[in-house]
Amino acid sequence: MMQEMTPEEIKEKKPYLDWSLSEEEYDYICDKLLHRLPNYTETGLFSAMWSEHCSYKKSKPVLRLFPTKGPRILQGPGEGAGVVDIGDGQAVVFKAESHNHPTAVEPYQGAATGVGGILRDVFSMGARPVATLDSLHFGELDDAHTRWLLNETVAGIGGYGNCMGIPTVGGELTFDDIYKGNPVMNAMSVGLLDVKDMQKGLAQGEGNAVMYVGAKTGRDGIHGATFASHSFDSEHESQRSAVQVGDPFMEKLLLEACLELTQKHADWLVGIQDMGAAGIVSSSSEMASEGKSGMELNLDLVPQRESGMSAYEIMLSESQERMLLCVKKGHEEDVKKIFDFYDLDAVVIGRITSGHNYVLRHHGEVVCDIPVTSLTEDVLEEPSEEKQPQHMIDDAAKPAWEPEITDLAKTYKQMLAQPTIASKEMFTQTYDSMVRTSTVVGPGEDSGVLRVRGTHKGIAMTTDGNGRFIYLDPEIGGKRAVVEAASNIIASGAEPLAITDCLNFGNPNEPEVFWELHHSVMGIAKACEVLETPVVSGNVSLYNETDDKSIYPTPMVGMVGLVKNLDHLVRDSFQEAGDDLYLVGQTGADYAGSELQKMLTGEISGSLNDLDLDHIKDYQKRLLAQMEAGHVASAHDLSEGGLAVSLAESSFGHGIGAEVACDLTSAELFSETPGRFLVSVPSEYSAEFAAALAGDAVKIGQTAGDSLKLTLQDQAADLPVAELKQIWEEALPCLMKSKD
Amino acid sequence: MKFAVIQFPGSNCDIDLYEALHTVCGADVAYVPSKESSLDGFDAVMLPGGFSYGDYLRAGAIARFTNIMPAIVEMAKAGKPVFGTCNGFQILTEASLLPGALKRNDSLKFVCKTVELEVVNNDTIFTSEYQKGEKINLPIAHADGSFYADLETLQKIEDNGQVVFRYSKENPNGSLNNIAGITNERGNVLGMMPHPERAVEALLGNTDGLRLFKSILDHAEVKA
Amino acid sequence: MTTVRIYVTYKQSVFDPQGEAITNSIHSLGHDEVKGVKVGKFFDVTIEEGDKPVAETVKEISEELLVNFNMETYSYKILEEE
């Protein structure tokens, strides 16, 4: 074990620089917060809590732009997860989190613990997690290492989620070379809550107990928080070491024990929080800070599975499957009894004190005595320089790329075989999507839908985040991400309620990257305001780069919506032959950043056209009303690959084809103008539908036969559905089998 | 008729079974934690799917030593209906209430999909509501569902008519003789890898499992 | 104190898809000289020998818990004796 440095040695040798604390921050802490030099343990705690991952010091100024309030919002950002009222005394609770760096290093455990962490955030609010979604972005599949990363990541998500017994009902999986060294792995958890059972991460009341429950503490992931606040450097492979191992069986027990406590004995509890990044120190200091309390902890009482752990290691360990509780004095044994039933440790490790200090004792000595807020509220926000990316300025000066399609059938088939477009079933089939028998719509459709037991309601959920658009224009791309999510929700017949987000970006010290962050948040905020979907929770993952090459700015939007009556749930697939087909929303020349552009030119370039958010909101509302009236047979939103892909996907479900005759050119068939839908309407409702959507919907044909017969402005094609489906189904299994 | 749905640490399809019986079939059901040792007052015992004890060592290997197991064995001896799906089937084989064993799927991956089954034997308390030879669709969700028994045991199972369900279109896990579900010799204990409790409501897309529960409700016990 | 390593594998007659998949991967790396791989697990068990001989303890725990005799078989060796 390292000999701990003295405060003077720390000041002189500056070991904190390796832990991501800057000299300015260190000096500020000494001079303005402590009025003395911190010891080794204290310096370690500051390094962790002042890291970007824990403090959001660079991103906070930007995150303030998000609209976070609304009539249904019971809890916005700042707690374990966001809480949104769905009526009948119930709420939906959700949050998304990124686990990019751990997944790049040890994909199975990185992904598994990513799922584990986000589940704890949801049940720390007193909600039972009922569904998981994941948003994954990898490099191209011609690389053996990428194939391995993908297989292991999917195995980790399934391994954890299946064992927990929580269905994985949706998500997205895309491929771009830019993610090669930096895969993006975001997990979203959705839970249900009886509003009266809602909990918070709060510790207060002098004499109340601080109780540690769950798995024992080991040396896992020490410096995981600072690990995620650092880019990878290919020269330093040894950096890649701090990955935790998850135990979903332990977490299942922890979940049941915590819910028993929060649902049946809330009167014993003051607050509860999960131990995630920076383990004990972050959860305890945040809870104390929230309660404006002082706290004293005795580290000798922390259950440990390794011997000889220093105070620093105990506080910073990121061992999984642990929660921190603030329990009313006198009820400690009651709480312990609940956890004993599940064979889980439940130990009083400290108390709430008067005053505002955070005091740690170890081996009989005080090893830390600092103001609580010096770890939380007092963290200095860090201003960042920003500069518009040069490629945007260059692209604006160039003429827009116009696709040339000479053979429509060939391009169409090629598109369906693109990895980002092709069927993901080989992966989604390894997730249990049906456990707990509440999944009405599982993976593969626009959004996952769960029924709410005891009611006729459903909740719809989706994750969306097309990095290419944000790369080309962060602000417009940000708007598009929200519109895309809302379209997926509405396509199921649900009303969008709110969003969570994972902001995956490169190095924020690069002015161009920070500009991307700032402007994408502006775009997301604007769209959320207009579409009335506040941001209720979220996560920021920065430094997603290797050797100074950043990923595309990839903000993931996770949206939840409400299906008021499951009788009017709308599916993606054509239901009957003879239904009228409508294209809702105007199609423009939106090829920049499209799958077509990538497929035909191998690159992403150009400027994005802006969106009329108010207009989109307006016709989306009218469309939803038609769905709620039962006038719509099927609806599928248009995204990557445009109408071409939506048409094909809609035909695959029941093998029903279509006859389409319209004004679009073959290029426009692949345009990716956002906010559009392909809707099939039974002929008896067609007139009413057309009237309600007048000006924004065009009849383009009808469902018929077993092929897609297209008569466009410039070309025609007759494509058998069975053939297209086979191409679409076999693309990924074929690519994944390659031997390098 | 009162049903017990056992909850082992890590069981997670307990709610699926409970709701199928209670809400859909209107039956009298209660959860029984595996720490309990008595099943007095119950007429049938149901072992749910999930990951009891995390599937550590082998799926079902540790669950079969829980307090409740002797009572389950007694129920089986008394001819009462004992039903296990997925992890429940695994536990029943580990406890030797059913022959054979379930091993890792040939594909080595977890698989969740709907498969077609043939009802091979409708002369059991679990399948009386089906037609013999009927084809039904039921969901599966497992990583360790490949049924194995040595040649002698396999022959006995077949000869005794203990095979109740067989995978008819596609064998999703490599089970010998495409076996998806079997009973004990007496016919009162059924274990199956597919999840009939996930196919009892039209809302969720499939009701082929409903008749299995209806069959059980028609029978209180099987005489020795 | 004796440490015993107990090896558990599928029985000969049982299909081992993992062993096969691994053999194929090894072949694709160019090692045709590898003729077969069998996958199993091992347990390092620390036993304090009292009245019961170590061999008997090993037999009991293997039969009761560690081995499913429907499909598995086992062997063991002594690693360390103190």
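Use the structure listed above.
About the cut-offs
Residues numbered from 1 in each chain as written. Chains lettered and ligands numbered in written order. Predicted model: local features only at pLDDT ≥ 70, side-chain atom pairs only at ≥ 80, totals over all residues. Helix = DSSP H or I, 4+ residues; strand = E, 2+ residues; numbered from the N terminus. Rg over C-alpha atoms; globule rule 2.2 N^0.38 Å. Buried ≥ 20, exposed ≤ 12 C-beta atoms within 10 Å, placed from the backbone. Contact = placed C-beta atoms within 7 Å. Pairing = 2+ DSSP bridges. Axes fitted to C-alpha atoms, helices over the stretch in contact; angles between N-to-C directions. Nonpolar A, V, L, I, M, F, W, Y, C, P; charged D, E, K, R; others polar. Parallel < 35°, antiparallel > 145°, perpendicular 65-115°, else oblique. Left-handed = near helix turned anticlockwise from the far one by under 90°. Core = buried A, V, L, I, M, F, W, Y, C linked by C-beta atoms within 7 Å. Expected span 1.5 Å × (residues − 1).

Draft legend 1. Broad picture of the overall build of chain B. Assigned secondary structure in chain B consists of five helices and 11 strands. Relative to its length of 224 residues, chain B is compact, with a C-alpha radius of gyration of 16 Å against a globular reference of 17 Å. With the C-alpha coordinates of chain B rotated into their principal frame, the extents come out at 40 × 35 × 35 Å. Buried residues in chain B amount to 58% of all 224 residues. The long-range share in chain B, meaning contacts at least 24 apart out of those at least 6 apart in sequence, stands at 75%.

Draft legend 2. Highlighting the overall build of chain A. Assigned secondary structure in chain A consists of 24 helices and 28 strands. Its C-alpha atoms give chain A a radius of gyration of 26 Å, within 12% of the compact-globule value 27 Å for 740 residues. Summarising its shape, the C-alpha atoms of chain A cover approximately 80 × 55 × 45 Å along the three principal directions. By the burial criterion, 61% of the 740 residues in chain A qualify as buried. Contacts in chain A between residues far apart in sequence, at least 24 positions, make up 84% of those at least 6 positions apart.

Draft legend 3. Molecular detail of the environment of Pro383(A). Residue and element names in this part refer to chain A. Its location among the elements puts proline 383 in the loop between strand E13 (365-371) and helix H14 (390-397). According to the C-beta neighbour criterion, proline 383 is exposed, with 10 such atoms within 10 Å. Along the primary structure proline 383 and leucine 710 are separated by 327 residues, whereas in three dimensions their C-alpha atoms are 54 Å apart.

Draft legend 4. Layout of the sheet that holds strand E2 (residues 28-33) of chain B. All names here are of chain B. Pairing is mixed across the open sheet formed by nine strands, whose spatial order is E2-E1-E3-E4-E11-E10-E9-E6-E7. Each edge of the open sheet is held by one strand with a lone partner, namely E2 and strand E7 (135-142). Pairwise comparison of adjacent strand axes, ignoring direction, gives a mean angle of 25° for this sheet. Relative to strand E4 (residues 82-85), strand E3 (residues 44-47) runs parallel, the two being bridged by three bridges. In the sheet register, methionine 46 faces E4, and the bridge partner there is phenylalanine 83.

Draft legend 5. How the structure looks around unusual backbone geometry. One non-glycine residue, His363(A), lies in positive phi territory at about 50°. One can find His363(A) in the loop between strand E12 (357-362) and E13. A positive phi angle, close to 55°, is found at Asn177(B), a residue other than glycine.

Draft legend 6. Region of interest: the interface of chain A and chain B. With 21 residues of chain A at the contact, the number on the chain B side is 21 residues. Of the residues that constitute the side of chain A that touches chain B, the class distribution is 10 nonpolar, seven polar and four charged.

Draft legend 7. Region of the structure containing the pairing of strand E28 (residues 716-720) of chain A. All names here are of chain A. Of the two faces of E28, only the one carrying Ala717 and Leu719 is buried; Ala716, Asp718 and Pro720 on the other face are not. Note: strand E27 (residues 707-711) against E28, five bridges, orientation antiparallel. Bridge pairing in E28 links leucine 708 to leucine 719. Between E27 and E28, which pair antiparallel one after the other, the connecting turn spans four residues.

Draft legend 8. Local environment of the sheet that holds strand E8 (residues 269-274) of chain A. All names here are of chain A. What the seven strands build is an open sheet, ordered E8-E10-E7-E11-E9-E12-E13; its pairing is mixed. Two strands lie at the open edges of the sheet, namely E8 and E13, each paired on one side alone. Averaged over all adjacent pairs, the angle separating strand axes in this sheet is 20°, with direction ignored. In this sheet, strand E11 (residues 345-353) lies alongside strand E9 (residues 294-298) in antiparallel orientation, the contact comprising four bridges. From the neighbouring strand, glutamate 296 faces E11, where its bridge partner is arginine 351.

Draft legend 9. Highlighting the packing of helix H7 (residues 107-123) of chain A against helix H10 (residues 248-264) of chain A. Residues and elements named next belong to chain A. Two elements in contact, H7 and H10, have axes whose closest approach is 11 Å; the angle formed by their N-to-C orientations is 5°. When the interaxial angle is binned, H7 and H10 end up roughly parallel. In this structure, H7 contributes Gly116, Leu119 and Phe123 to the contact, and H10 contributes Pro248, Glu251, Leu255, Cys258 and Leu259. When the residues that make up the contact of H7 with H10 are grouped by side-chain class, the tally is six nonpolar, one polar and one charged.

Draft legend 10. Just the packing of H7(A) against helix H8 (residues 144-164) of chain A, in detail. Residue and element names in this part refer to chain A. The contact between H7 and H8 brings their axes to 7 Å, and the two run at 35°. As for the relative orientation of H7 and H8, their crossing is right-handed in sense. Residues Pro107, Tyr108, Gln109, Gly110, Ala111, Ala112, Val115, Gly116 and Leu119 of H7 form the contact with H8, whose participating residues are Leu149, Glu152, Thr153, Ala155, Gly156, Ile157, Gly159, Tyr160, Gly161 and Met164. Across the contact of H7 with H8, the residue classes break down as 11 nonpolar, seven polar and one charged.

Draft legend 11. Quick peek at the nonpolar core. All names here are of chain A. The biggest cluster of nonpolar side chains holds 303 residues, and the ones touching the most others in it are Ile459 and Val482. Here this core gets 11 residues from one element, more than from any other, and that element is helix H19 (residues 511-531). Non-local contacts of valine 482, meaning those with residues more than four positions away in its chain, are made with Ile499, Ile524, Ala527, Cys528, Leu531, Thr533 and Val557.

Draft legend 12. Region of interest: helix H18 (residues 474-491) of chain A. Residues and elements named next belong to chain A. With 18 residues, H18 should cover 26 Å at 1.5 Å per step; its first-to-last C-alpha distance of 25 Å lies within 8% of that length. In terms of burial, H18 is largely enclosed, as 18 of its 18 residues are buried. With its phi angle positive at about 90°, glycine 493 sits one or two positions after the end of H18.

Functional significance is not addressed by these values, which are geometric in nature.
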